[in-house]
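Summary of structural features
What follows is the residue order along each chain.
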Amino acid sequence: MSKSVDPTTNSDRSSWRLEQIVDHFEAERSRNLRRGRLQQLFQILVVTLLLGGAFQASGLFSSYLGDGALGRIGNFLSRLLPQLHHDRLFEDRATSGSLLYWFYDLDLWLKLLAETVQIAIVATVLGAIFALPLSFLAARNLAPAVWVYWTVRRISELVRTLPDIILALILVAAFGLGPIPGVIALTLGTTASLTKLFAEANEAADMHQLEAVQSAGGNWWQQLRFGLMPQVLPNLASYSLLRLEINVGGAAALGIVGAGGIGVELSRAITFTEFDTYFAVLIMIVGLIFVLDLTSEAIRDRLTGLEKGA
Amino acid sequence: MLELVNVTKTYGQAIAVNGVSLSIPAGSMVGILGRSGAGKSTLLRMINRLAEPTSGDVLWQGKSVLHLRGSTLRAWRARCGMMFQQFNLSPRLDVLTNVLVGSVSRRPTLQTLIKYFPAEERARAILELHALDMADLALQRAGTLSGGQQQRVAIARTMMQLPDLVLADEPIASLDPANAETVMSALSSISQERGITVLVNLHSLDIARTYCPRIIGMAKGKVVFDGSPDQLDAAMVEKIYGRRKSTESALAPAVSTTLSSIPTGEVA
């Protein structure tokens with residue numbers, strides 16, 4: 001390496017020899033690398049300390065669970081499973097050991113499951129409708145003023161920190177038992193989270209397309225309609241479907257606090273220690289979410305396929 | 001008549017356009033040449049107020065356009081059709097809707113938001129497309145078209161605005177030569193047949209000479225040349241571009257001949 005390279009006095013590079021240019025670049029590059037490594041080391045140290053503290057606080061490794069804790073779990077698991085009899089599986093619900101005896105309240109559960117899906121759908125649709133205009137205000141590139149952007153973002157964060165179930169608990173106290181408080185709670189949560197997701201899709205949009213509409217004399221709404229919406233619509237639909245899946249799970253839990261849906265059966269089964277009933281209802285919920293996942297995945301694939309255009 | 005009076009635009013410390021004064025008679029076709037960063041784009045964008053001049057004035061038919069606000073500003077923008085290097089169509093909308101976007105400033109907002117356009121606007125749109133040999137593709141998604149086709153859609157959209165003026169910001173910079181010719185001759189006939197003033201930013205000297213009776217050269221935010229293609233001699237070209245156009249031949253040997261020769265005297 002030639003000694004003549006002094007990176008501090010690089011005022012006139014035009015007189016440099018080519019080796020000097022290369023050496024200068026290499027020196028700068030290794031300086032950058034050194035700085036990067038130090039930063040990484042520091043970050044690893046901080047994360048390790050934080051993680052260590054968190055594990056310590058959680059007491060996961062140090063707590064004493066009591067004698068025979070494993071035995072208790074085994075006992076619970078065995079009570080979760082139904083008493084089925086292979087030669088009586090398809091008998092009627094009065095026969096102990098049949099499938100229908102296990103799923104003894106199937107009609108009611110199906111009705112409650114349908115209610116759960118309805119709560120989720122209504123909450124998702126309403127949430128998406130409310131979130132759309134809010135997402136324009138919560139997108140840095142579209143908001144009419146910084147304070148609007150800031151306010152909408154902060155409010156959406158505030159609502160998101162409240163779990164749906166807590167919101168529902170409050171609303172049940174206000175509106176009484178039934179699906180209405182459930183729908184309102186989920187709608188609020190959905191609006192807040194979709195506002196954030198939609199806004200981020202908006203921020204990633206190509207602003208040139210809006211500018212073209214602006215240059216044609218279009219106002220703010222027309223710029224959004226013809227410049228933005230065609231770009232982001234597949235994303236928004238995809239986020240909404242994802243949120244629908246989450247909401248079905250959420251709506252299933254809402255019944256626990258009396259806000260409608262299948263959750264009321266879950267909570268009843270636990271209260272009366274009917275663990276096999278609990279398991280039966282759980283299977284139905286998992287099955288429902290599974291079907292929903294497959295459906296919305298198919299729809300999403302179609303939407304993103306369209307996005308690539310053909 | 002479009003007049004620019006001592007127009008200046010600064011971004012922080014940087015001066016993009018520096019005291020430009022021009023007057024451009026209605027119906028003329030003007031090519032603007034200059035290196036990237038010479039201020040060509042900013043100049044066009046100040047005319048339709050996508051950028052605000054720091055100082056100076058822009059006048060159309062003797063009236064300043066700098067005080068326009070709200071709906072009068074949008075009406076002025078509609079009278080200045082703008083074209084872009086990357087076309088800036090909505091790729092997921094069909095060609096016809098993209099063209100109809102050119103009429104939104106004349107339509108009630110609510111109607112446009114549900115994509116309602118009356119039959120006569122649709123008819124004008126399809127005829128504009130037909131004039132550019134694009135009517136067959138009217139119902140295709142714009143994103144499926146080639147660059148040359150997309151730029152023709154952009155021309156049709158601009159014509160839907162019923163413009164007095166077309167501001168074309170490097171409309172052929174991402175097109176192949178054949179498509180570039182098509183787009184330039186379309187712009188040329190717009191100017192000649194409809195009497196629309198066309199200002200077009202260009203990179204190619206030859207294209208400018210062929211299509212533009214008047215050429216303006218810009219360097220570092222200032223107008224350094226304003227005249228006919230005949231007056232644009234080698235010395236003038238050097239003034240616009242800062243050096244001769246033979247950069248390609250200077251670069252190749254620097255890579256192949258190992259550490260021995262390098263072009264010194266980088267352009268300041």
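Attention here is on the structure that accompanies the text. (Residues numbered from 1 in each chain as written. Chains lettered and ligands numbered in written order. Predicted model: local features only at pLDDT ≥ 70, side-chain atom pairs only at ≥ 80, totals over all residues. Heavy atoms only, no water.)

Quick word on the overall build of chain A
- Secondary structure assignment for chain A yields eleven helices and zero strands.
- Shown N-terminal to C-terminal, the secondary structure of chain A runs as helices and strands in the order α-α-α-α-α-α-α-α-α-α-α.
- Here chain A has a C-alpha radius of gyration of 29 Å; the compact-globule value for 310 residues is 19 Å, and the former is much larger.
- If one aligns the C-alpha atoms of chain A with their principal axes, the spans along those axes are about 100 × 65 × 45 Å.
- Relative to its 310 residues, chain A shows a buried fraction of 38%.
- Across chain A, the fraction of contacts at a sequence separation of at least 24, relative to all contacts at a separation of at least 6, is 65%.
- When the accessible surface of chain A is split by element, carbon and sulfur atoms take 67% of a total near 18200 Å².
- A gap of 8 Å separates the mean positions of the 24 positive and 27 negative side-chain charges of chain A. (Helix = DSSP H or I, 4+ residues; strand = E, 2+ residues; numbered from the N terminus. Rg over C-alpha atoms; globule rule 2.2 N^0.38 Å. Buried < 20%, exposed > 50% of the residue type's maximum accessible area, 1.4 Å probe, protein only. Contact = heavy atoms within 4.5 Å. Areas by Shrake-Rupley, 256 points an atom, 1.4 Å probe, with all protein chains shown as cover. Lys, Arg positive; Asp, Glu negative; His and termini not counted. Charge placed at Lys NZ, Arg CZ, Asp CG, Glu CD.)

Digging into a nonpolar patch on the surface
- A surface patch of nonpolar side chains, about 550 Å² in accessible area, is lined by I121(A), V122(A), V125(A), L126(A), I129(A), F130(A) and L134(A).
- Tracing the chain through its elements places L134(A) in helix α4 (residues 106-137). (Patch = residues over 30% accessible without salt bridge, like charges linked within 9 Å, V, L, I, M, F, W, Y side chains within 5 Å. Salt bridge = Lys/Arg side-chain N within 4 Å of Asp/Glu carboxyl O.)

Structural notes on the pattern of salt bridges
- This model, assessed by the stated rule, comprises 17 salt bridges over all chains.
- The closest approach of N and O atoms between E203(A) and R153(A), which form a salt bridge, is 3.4 Å. With E203(A) in helix α7 (residues 179-203) and R153(A) in helix α5 (residues 146-161), this pair connects stretches of sequence that are 50 residues apart.
- Note that E121(B) and R124(B) form a salt bridge whose closest N and O atoms lie 3.8 Å from each other. Taken together, the residues E121(B) and R124(B), both in helix α5 (residues 119-131) and three residues apart, mark about one turn of the helix.
- Overall, the relative accessible area of 26% leaves R124(B) in the partly exposed class.
- One network of salt bridges, in which partners are shared, links R153(A), K196(A), E200(A) and E203(A).

Points about the sheet that holds strand β1 (residues 2-11) of chain B
Residue and element names in this part refer to chain B.
- One open sheet holds the four strands; their spatial order is β2-β1-β4-β5, and the pairing between them is antiparallel. Each having just a single partner strand, β2 (14-24) and β5 (63-64) make up the two edges of the open sheet.
- When β1 meets strand β4 (residues 55-60), the two strands line up antiparallel, connected through five bridges. Looking at the pairing, T8 lines up with S55 of β4.
- Running over the sheet, helix α1 (residues 40-47) touches β1, β2 and β4 and is turned about 120 degrees from β1. (Pairing = 2+ DSSP bridges. Axes fitted to C-alpha atoms, helices over the stretch in contact; angles between N-to-C directions.)

Thoughts on the packing of aromatic side chains
Residue and element names in this part refer to chain A.
- Per the stated rule, a full pass over the model turns up four aromatic pairs over all chains.
- Measuring from ring centre to ring centre gives 5.1 Å for W220 and W221, while their planes differ by 75 degrees; the resulting arrangement is edge-to-face.
- A relative accessible area of 44% means that W221 is categorised as partly exposed.
- Members of the aromatic cluster, joined through ring pairs, are F136, W220 and W221. (Phe/Tyr/Trp six-rings, centres within 6.5 Å; stacked < 30°, edge-to-face > 60°.)

Digging into the side chain of S135(A)
- In this structure, S135(A) sits in helix α4.
- The contact partners of S135(A), leaving out residues within four places of it in the chain, are T195(A), F198(A), A199(A) and N202(A).

A short note on unusual backbone geometry
Residues and elements named next belong to chain B.
- One non-glycine residue with positive phi stands out, namely K115, at about 60 degrees.
- Inspection of the secondary structure puts K115 in the loop between α4 (109-113) and α5.
- Taking relative accessible area as the criterion, K115 reaches 37% and is therefore assigned partly exposed.
- Positive phi outside glycine occurs at L162, with the angle close to 50 degrees.
- Tracing the backbone shows L162 in the loop between α6 (147-160) and β7 (165-168).
- Judged by its relative accessible area of 46%, L162 falls in the partly exposed class.

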